[in-house]
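Take a look at the letters that make up each chain.
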Amino acid sequence: MIRRPLSILFFVLLTALVIGGSRVASTEAQGSPVLFLTFDDGPVPALTSPLLDHLDEYNAKATFFPVGLRVDSNPGLVAEIAARGHAIGNHTVSHPNVLALSDEEFRAELRQANASITAATGDPIRCFRAPNGSVSPRTLAIAAEEGMATVNWTLGGNDYGLADPQDFLDQVSGATDGDVILLHDAAGANSIEAARLVLEEFTARGFVFESVPACRATAVPPTTPPPTSTPPVTVSPTTTPVGNNTTTTTTTTTTTTTTTVAPPANGGAVQVRANGDTGTERIELRLDGSTVASYDLSTSFQTFVYNPPSPRTVNRLRVWFVNDAQIPAGDRNVTVDWVQIGSQRIQSEAPGIESIGSWTPGDGCRRGFKQRERIGCNGWFDYGFRGAIGGGPTPTPTTTTTTPPPTGGNQIVVRAKGDIGSETIAIEVNGTSIDTQALSTSFQEYTFTIPSGISPTRVRVRFTNDDRTPQGDRNAEIDWIQWNGTTYQSEDPSVLSRGSWTRETGCRQGNKQSQRLACQGWFEYDL
């Protein structure tokens with residue numbers, strides 16, 4: 001990865017690239033992949049202090065973006081953050097919506113926060129993160145004028161109200177070299193545990209953790225771009241959800257020469273054919289790390305079309321799945337059938353297509369060449385395309401509704417029991433809940449009828465009411481399921497589960513080769 005000078009390039013490049021979903025280059029690591037952990041909204045003594053101990057345990061450096069009001073209440077803790085070698089950035093005094101502030105109000109927020117941090121640490125402040133990631137060309141310019149680069153994030157951000165720290169680790173499990181991960185050291189104990197899990201997991205994978213170079217006290221502050229003969233060109237902001245926050249991404253390119261460069265040859269529009277399991281999934285098309293379009297999916301395959309206003313050369317084309325979650329309507333998952341540039345069609349399951357988030361037994365959602373078109377975790381397909389796009393006619397977007405053949409009342413049979421006879425299971429087919437069933441203490445075969453029009457490809461049996469009761473501890477055993485004459489054993493190595501306990505990993509998600517659910521969770525069977 002190219003190392004970028006810590007100067008005005010962080011005003012132009014970092015704001016254009018990191019905010020748009022690209023990564024930061026290390027200035028220290030020698031051959032090891034690097035992650036940048038960042039923590040917003042603190043400090044909170046009961047949370048920040050143990051977090052600092054976790055960072056020390058893994059020899060990790062991080063970047064903190066404290067709120068000025070909390071800095072004033074905890075100056076000693078802020079000084080300790082700096083003394084332990086971590087970087088500190090500006091996150092305003094009161095965490096306002098900076099886009100709604102006047103220039104004077106915004107500058108006052110920045111200057112007062114800087115004064116509080118510097119009073120505690122003695123160090124200058126070199127970077128700024130906007131509350132909720134909300135930026136505009138105006139806020140970027142003002143922050144630069146105040147001597148600060150603007151830094152956002154590429155992964156995380158949704159740890160407020162986090163019920164299970166493992167869920168956060170699952171969300172960022174596809175992190176790669178240079179990713180900037182957002183957590184909050186004011187969000188609760190589960191966020192701190194999530195940070196520890198991230199440190200543990202990625203240290204084991206060979207990663208190191210550094211502070212963001214632009215935020216270090218020794219970083220060279222950005223300067224306001226000089227006037228040029230050609231005014232900056234601003235692309236309209238694209239609003240995309242990042243965790244519980246909303247990030248407004250604006251890419252600004254400053255032309256410093258009037259030399260005429262011939263445009264690339266016409267390559268045609270980019271088409272993406274995709275659908276979602278629940279119809280609430282969202283994907284983004286990213287070119288060279290910047291989001292150029294986002295699409296809300298339906299349960300039917302649709303072809304989405306992006307044609308840039310003028311031809312351009314692309315060195316990296318990715319389709320991202322950005323809002324994986326378990327919701328009342330079911331589990332969000334995305335299928336990307338193919339992308340097409342002009343007349344060149346690239347299938348997602350082709351051997352040369354790299355992905356993060358496409359699940360396979362034994363490897364989970366980690367990065368690799370999976371030869372699958374389905375993404376089950378937040379992640380992407382990288383289509384390896386290098387060349388020109390745009391300039392040709394724009395195809396008409398299409399929706400292809402494929403009506404599966406009637407199932408005629410096809411049935412799924414589940415053989416299961418509970419430890420105390422008050423356990424309940426639910427059956428989900430293709431992400432849609434079909435029915436629930438109370439279990440007895442002896443194995444029984446329960447029959448579930450699939451509604452007409454649904455052709456099952458994926459079934460989950462979910463244990464829904466784990467609890468310790470006066471009668472004992474609820475646990476469920478799912479021996480097997482049967483569909484269309486085939487039996488699928490729960491302990492088969494290909495069956496993914498959450499809630500099946502092992503000494504090494506507890507009830508975390510994995511291929512446990514067990515038929516027992518000791519925690520609320522599920523078995524997933526690919527038919």
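Now for a look at the structure at hand. (Residues numbered from 1 in each chain as written. Predicted model: local features only at pLDDT ≥ 70, side-chain atom pairs only at ≥ 80, totals over all residues. Heavy atoms only, no water.)

### Quick word on the overall build of the protein chain
- Helices and strands together make up the secondary structure of the protein chain, namely eight helices and 39 strands.
- Within the protein chain, the fraction of its 527 residues that count as buried is 53%.
- On the protein chain, roughly 21,500 Å² of surface is accessible, and the fraction owed to carbon and sulfur atoms is 50%. (Helix = DSSP H or I, 4+ residues; strand = E, 2+ residues; numbered from the N terminus. Buried < 20%, exposed > 50% of the residue type's maximum accessible area, 1.4 Å probe, protein only. Areas by Shrake-Rupley, 256 points an atom, 1.4 Å probe, with all protein chains shown as cover.)

### Digging into the packing of aromatic side chains
- With the rule as written, the count across this model stands at seven aromatic pairs.
- Geometrically, the ring pair formed by Phe 381 and Tyr 383 is tilted, given 6.1 Å between the ring centres and 50° between the ring planes. Judged on exposure class, the residue Phe 381 and its partner Tyr 383 are both buried.
- Between Arg 286 and the ring centre of Trp 320, over which it is positioned, the NZ or CZ distance is 4.0 Å.
- Sitting over the ring of Phe 443, Lys 417 keeps its end group 5.6 Å from the ring centre. (Phe/Tyr/Trp six-rings, centres within 6.5 Å; stacked < 30°, edge-to-face > 60°. Lys NZ or Arg CZ within 6 Å of the ring centre and 35° of its normal.)

### Quick notes on the sheet that holds strand E39 (residues 521–526)
- The sheet built from five strands is open, its strands ordered E30-E29-E32-E39-E37 with antiparallel pairing. With partners counted over all chains shown, the strands left at the sheet margins are strand E30 (432–438) and strand E37 (496–498), one partner each. Adjacent strand axes in the sheet meet at a mean angle of 15° when their direction is disregarded.
- Taken together, the six bridges between strand E32 (residues 458–463) and E39 define a ladder with antiparallel strand orientation. Bridged to Arg 460 within E39 is Glu 524. (Pairing = 2+ DSSP bridges. Axes fitted to C-alpha atoms, helices over the stretch in contact; angles between N-to-C directions.)

### Quick word on empty space enclosed by the protein
- Under the criterion given, the structure shown has six cavities of 30 Å³ or more.
- By volume, the second largest cavity is sized at about 60 Å³.
- The wall of the second largest cavity is formed by eleven residues, among which Leu 155, Gly 174, Trp 320, Ile 356 and Asn 378 lie closest to the centre.
- Of the residues assigned to the lining of the second largest cavity, the class counts are five nonpolar, four polar and two charged. (1 Å grid on protein atoms, 1.4 Å probe; cavity = no way out; pocket = protein on both sides within 12 Å on 5 of 7 lines; lining within 4 Å. Points joined across faces, edges and corners; volume = space filled by probe spheres on them. Nonpolar A, V, L, I, M, F, W, Y, C, P; charged D, E, K, R; others polar.)

### Here's the deal with the pattern of salt bridges
- Tallied over the entire structure, the rule returns 29 salt bridges.
- A salt bridge links Glu 146 to Arg 107; the nearest nitrogen and oxygen atoms lie 2.9 Å apart. A residue pair is termed long-range when its members are at least 10 positions apart, and Glu 146 in the loop between helix H6 (137–145) and strand E5 (149–150) and Arg 107 in helix H5 (residues 103–121) qualify at 39 residues.
- When the shortest N-O distance is used, the salt bridge between Arg 374 and Asp 277 registers 2.6 Å. Note that Arg 374 is positioned in strand E24 (residues 374–375) and Asp 277 in the loop between strand E13 (270–276) and strand E14 (282–287), a separation of 97 residues in sequence. (Salt bridge = Lys/Arg side-chain N within 4 Å of Asp/Glu carboxyl O.)

### A short note on the nonpolar core
- With 46 residues, the main nonpolar core has Leu 37, Leu 55, Ile 181, Val 198 and Phe 202 as its most contacted residues.
- Apart from the residues within four sequence positions on either side, Phe 202 is in contact with Leu 35, Leu 169, Val 172, Ser 173, Ala 175, Phe 207 and Phe 209.
- Within the second largest apolar cluster, 26 residues are counted, among which are Leu 285, Val 336, Phe 385 and Ile 389. (Core = buried A, V, L, I, M, F, W, Y, C linked by side-chain atoms within 4.5 Å. Contact = heavy atoms within 4.5 Å.)

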